[in-house]
Number of protein chains: 2
Amino acid sequence: MDKMISQAVIRRLPRYYRYLGELLDDGVERISSNDLSKRMHVTASQIRQDLNNFGGFGQQGYGYNVAYLHEEIGNILGVNETHNVIVIGAGNLGQAIAGYVKFEKHGFRIIGLFDINPELKGKRVRDLTIQMLDDLPEFVKHNDVEIAALTLPKTSAKTVAMKVVNLGIHAIWNFAHVDLDDIENVVIENVHLSDSLMQLSYNITQHKN
Amino acid sequence: MDKMISQAVIRRLPRYYRYLGELLDDGVERISSNDLSKRMHVTASQIRQDLNNFGGFGQQGYGYNVAYLHEEIGNILGVNETHNVIVIGAGNLGQAIAGYVKFEKHGFRIIGLFDINPELKGKRVRDLTIQMLDDLPEFVKHNDVEIAALTLPKTSAKTVAMKVVNLGIHAIWNFAHVDLDDIENVVIENVHLSDSLMQLSYNITQHKN
């Protein structure tokens with residue numbers, strides 16, 4: 001598989017996966033790139049180009065097999081395997097993430113919820129018990145943790161991220177309002193909610209004029 | 001101002017704003033595009049190009065005035081004005097969003113939290129009292145609501161979005177796992193957490209190989 005696939009294509013893949021999942025749920029077996037294009041509001045040529053990065057999947061004039069394409073994109077995205085996730089920061093957002101059952105459907109299994117606030121120790125969130133961050137090294141020894149979601153204040157995010165990486169966790173889903181790009185040997189995906197809200201307000205302003 | 005600024009540039013603006021805010025907090029008065037480039041891990045030419053979309057802001061060999069650039073980018077993003085926000089869906093995520101005080105610093109004032117679950121009626125989240133969605137039309141009459149954040153299951157998101165738009169709210173911050181692009185006359189910003197998690201798992205898989 002081509003390793004030089006742009007992040008722009010990667011950003012679009014989950015959306016394909018989501019639409020194909022909906023088609024599957026609706027019992028659709030086959031779809032042309034034109035029909036998929038109408039549903040997704042992207043051009044058919046964009047769809048063909050994107051999917052060609054991975055070898056195509058379609059037959060000319062015959063369209064895509066929905067189940068097959070869904071499965072294959074799932075494989076590319078790695079969502080047909082199980083990924084163990086811990087959440088560090090058991091505030092509102094951390095509890096929301098930890099309680100979000102939908103992630104499990106896509107193979108992301110939340111297996112631990114950590115905080116530094118002793119008042120939260122032992123509190124239950126769904127089937128998880130909030131643990132103290134000091135217990136993380138021991139937890140990591142006994143559990144195969146692949147991803148750490150950081151729902152922390154920006155002041156502690158970097159320190160905790162380094163700690164996590166030193167414990168051998170090499171993927172961070174970062175909700176803290178800070179970039180963690182300086183840390184080596186780790187894959188990072190940022191969800192900057194304030195940035196997203198600012199894009200919205202920019203587009204509101206433009207829309208008004 | 002040029003209206004044809006690409007969404008790629010817009011996506012980068014909040015990040016400039018964030019870094020400039022940190023520089024301001026650190027007491028930095030002036031910064032060259034080279035130094036900003038090192039901090040942000042983007043090329044200096046990218047920074048100059050991005051900012052030139054809005055007329056520049058820098059003087060050759062003199063660098064950027066941090067406070068001025070921060071203020072100007074804030075103006076472009078519309079974060080120096082107040083935007084009233086309501087949150088619809090008072091589950092974990094809705095409560096997390098409603099309780100996130102940082103948004104206020106950037107002018108986003110959460111003024112209402114709504115749900116359809118009668119058990120949540122009257123519950124307090126920060127200084128907000130959860131109201132029933134049926135009361136929204138009356139609320140909108142008496143309050144200037146600009147943005148509705150939808151933290152709802154995907155099955156109800158579309159219906160609620162249409163309702164919101166019919167009430168005269170023309171900006172939606174959508175956390176539901178569905179695109180709302182078909183709705184007219186509304187500015188939408190999506191936060192698809194599952195999509196983000198899938199990008200992370202794609203990049204983990206690539207990193208392993």
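Numbers given for residues are sequential positions, taken from 1 along each chain in its written order. Following the order in which they are written, the chains are lettered starting with A and the ligands numbered starting with 1. Local features in this predicted model are restricted to residues whose pLDDT is 70 or higher, and side-chain atom pairs enter the listing and the counts only when it is 80 or higher, whereas totals over whole chains, interfaces and linings include all residues. As a rule here, side-chain values come from all non-hydrogen atoms in the structure, and water together with hydrogens is ignored.

1. Let's talk about the overall build of chain A
Next up, step 1: Summing up its helical and strand segments, chain A has 9 helices and 9 strands in all.
Next up, step 2: Its C-alpha atoms give chain A principal-axis dimensions of about 60 × 50 × 35 Å.
Next up, step 3: Buried means the residue's accessible area, taken with a 1.4 Å probe over protein chains only, is under 20% of the maximum for its type, while exposed means over 50%, and partly exposed covers the values in between. Considering chain A as a whole, with its 209 residues, one finds that 55% of them fall into the buried category.
Next up, step 4: Taking contacts inside chain A between residues at least 6 apart in sequence as the whole, the part at least 24 apart equals 54%.
Next up, step 5: Working note: accessible area of chain A is about 9,900 Å², and carbon and sulfur atoms make up 47% of it.
Next up, step 6: Charged side chains of chain A number 21 positive and 25 negative; the gap between the two group centres comes to 5 Å. Only runs of H or I of at least four residues qualify as helices and only runs of E of at least two qualify as strands under DSSP, and these elements are numbered from the N terminus. When checking whether two residues touch, look at their non-hydrogen atoms; a contact exists if any pair is within 4.5 Å. The Shrake-Rupley method, run with a 1.4 Å probe, gives the accessible areas here. Residue values count only the displayed protein chains as cover. Charge counting treats Lys and Arg as positive and Asp and Glu as negative, with His and both chain ends excluded. Positions of charges follow a simple convention, taking NZ of Lys, CZ of Arg, CG of Asp or CD of Glu.

2. Some points on the side chain of A:Glu22
Next up, step 1: Secondary-structure assignment places A:Glu22 in helix α1 (residues 7–25).
Next up, step 2: For A:Glu22, a relative accessible area of 16% puts it in the buried group.

3. Some details on the relation of the copies chain B and chain A
Next up, step 1: By a simple turn and slide, chain B fits onto chain A: the slide is 0.0 Å along the axis, the RMSD is 0.0 Å, and the turn is 180°. Such values leave the two copies arranged in the relation of a two-fold axis.
Next up, step 2: Comparing contact sets, 100% of the residues at the interface of chain B also lie at the interface in chain A, consistent with an isologous, same-surface contact. When the copies are overlaid, the least-squares fit takes in C-alpha atoms only where the residue has pLDDT of at least 70 in both copies.

4. Some words on the pattern of salt bridges
Next up, step 1: What makes a salt bridge here is a side-chain nitrogen of Lys or Arg within 4 Å of a carboxyl oxygen of Asp or Glu, nothing more. Within this structure, the stated rule accounts for 24 salt bridges over all chains.
Next up, step 2: Note that B:Asp26 is salt-bridged to B:Arg39, the shortest N-O span being 3.6 Å. On the criterion of sequence distance, the pair formed by B:Asp26 in the loop between α1 (7–25) and β1 (30–31) and B:Arg39 in helix α2 (residues 33–40) is long-range, its members being 13 residues apart.
Next up, step 3: Judged by relative accessible area, B:Asp26 falls into the exposed class, the value being 52%.
Next up, step 4: Using a relative accessible area of 35% as the deciding quantity, one classes B:Arg39 as partly exposed.
Next up, step 5: One salt-bridge network, held together by shared partners, links A:Arg15, A:Arg18, B:Asp179, B:Asp181 and B:Asp195.

5. Points about the interface of chain B and chain A
Think of interface size as the accessible area that goes away when the parts come together; that is how it is often given.
Next up, step 1: On the side of chain A, 60 residues touch chain B, which itself brings 60 residues to the contact.
Next up, step 2: Overall, the association of chain B and chain A removes approximately 6,100 Å² of surface from exposure, summing both partners, and the carbon and sulfur fraction of that is 59%.
Next up, step 3: For the pair chain B and chain A, the interface holds 10 salt bridges.
Next up, step 4: Between A:Asp195 and B:Arg18 there is a salt bridge whose closest N-O contact spans 3.0 Å.
Next up, step 5: Pairing of N or O atoms within 3.5 Å defines a polar contact, subject to two protein rules: one partner must be a possible hydrogen donor and the other a possible acceptor, and residues neighboring in sequence count only if both atoms are side-chain atoms. Where chain B meets chain A, there are 20 residue pairs in polar contact (both at pLDDT 80 or more). Accessible-area loss on putting two parts together, using a 1.4 Å probe and summing over both, is the definition of buried area adopted here.

6. A look at the packing of aromatic side chains
Next up, step 1: The criterion for an aromatic pair is that two Phe, Tyr or Trp rings (for Trp, the six-membered ring) have centres within 6.5 Å, with stacked assigned to planes under 30 degrees apart, edge-to-face to planes over 60 apart and tilted to the rest. Taken as a whole and assessed by the stated rule, the structure comprises 8 aromatic pairs over all chains.
Next up, step 2: Between A:Tyr100 and A:Phe103, the ring centres sit 4.6 Å apart and the planes meet at 70°, which makes this aromatic pair edge-to-face.
Next up, step 3: The class for A:Tyr100 is partly exposed, based on a relative accessible area of 27%.
Next up, step 4: Under the relative-accessibility criterion, A:Phe103 is labelled buried at 1%.
Next up, step 5: Summarising the aromatic geometry, the rings of B:Phe103 and B:Trp173 are spaced 5.6 Å apart at their centres and angled 80° between planes, so their arrangement reads as edge-to-face. Here B:Phe103, found in helix α6 (residues 102–105), pairs with B:Trp173, found in strand β8 (residues 171–174); they are 70 residues apart in sequence, far enough to count as distant.

7. Re the domain arrangement of chain A
Next up, step 1: Annotation of chain A at the domain level lists domain 1 (7–76) and domain 2 (83–195).
Next up, step 2: These domain limits were set by an automatic method or by a database of domain assignments. On a C-alpha basis, the centres of domain 1 of chain A and domain 2 of chain A stand 32 Å from each other.

8. Describing the layout of surface pockets
Next up, step 1: For each structure, a 1 Å grid was placed over the protein atoms alone; sets of points admitting a 1.4 Å probe that cannot get out are labelled cavities, open sets with protein on both sides within 12 Å along at least five of seven lines are labelled pockets, and lining residues have an atom within 4 Å of a point. Grid points are joined across faces, edges and corners, and a volume is the space filled by probe spheres set on the points. The volume enclosed by the largest pocket comes to roughly 1,900 Å³.
Next up, step 2: As for the largest pocket, its lining consists of 40 residues, of which A:Arg11, A:Gln199, B:Arg11, B:Glu189 and B:Gln199 are closest to the centre.
Next up, step 3: Mapped onto the lining of the largest pocket, the elements with two or more residues apiece are α1, β9 (187–190) and α9 (193–208) of chain A together with α1, β9 (187–190) and α9 (193–208) of chain B.
Next up, step 4: By volume, the second largest pocket amounts to about 500 Å³.
Next up, step 5: Taken together, 23 residues line the second largest pocket, and the ones lying closest to its centre are A:Gly91, A:Thr151, A:Leu152, A:Pro153 and B:Tyr100.
Next up, step 6: Only Asp, Glu, Lys and Arg are considered charged in this grouping, and only Ala, Val, Leu, Ile, Met, Phe, Trp, Tyr, Cys and Pro are considered nonpolar; every other residue, Gly among them, is considered polar. Looking at the lining of the second largest pocket residue by residue, the class counts come to 12 nonpolar, 8 polar and 3 charged.

9. Focus: the packing of α9(A) against α1(B)
Next up, step 1: Running from amino to carboxyl end, α9(A) crosses α1(B) at an angle of 125°, the nearest separation of the two axes being 9 Å. Regarding the angle of α9(A) to α1(B), the classification is oblique. In the packing of α9(A) onto α1(B), the handedness of the crossing is right-handed. Facing α9(A), whose interface residues are A:Asp195, A:Met198, A:Gln199, A:Tyr202 and A:Asn203, α1(B) presents B:Gln7, B:Ile10, B:Arg11, B:Pro14, B:Arg15, B:Tyr17 and B:Arg18.
Next up, step 2: A breakdown of the residues in the contact of α9(A) with α1(B) according to their chemical character gives 5 nonpolar, 3 polar and 4 charged. Lines fitted to C-alpha atoms define the axes here, with helix axes fitted over just the stretch in contact, and angles between the N-to-C directions of these axes take values from 0 to 180 degrees. Oblique is the label for any angle not covered by the other classes, which are roughly parallel (under 35 degrees), roughly antiparallel (over 145) and roughly perpendicular (65 to 115). Here a crossing is called left-handed whenever its near helix is offset anticlockwise from the far helix by less than a right angle, and right-handed whenever the offset is clockwise.

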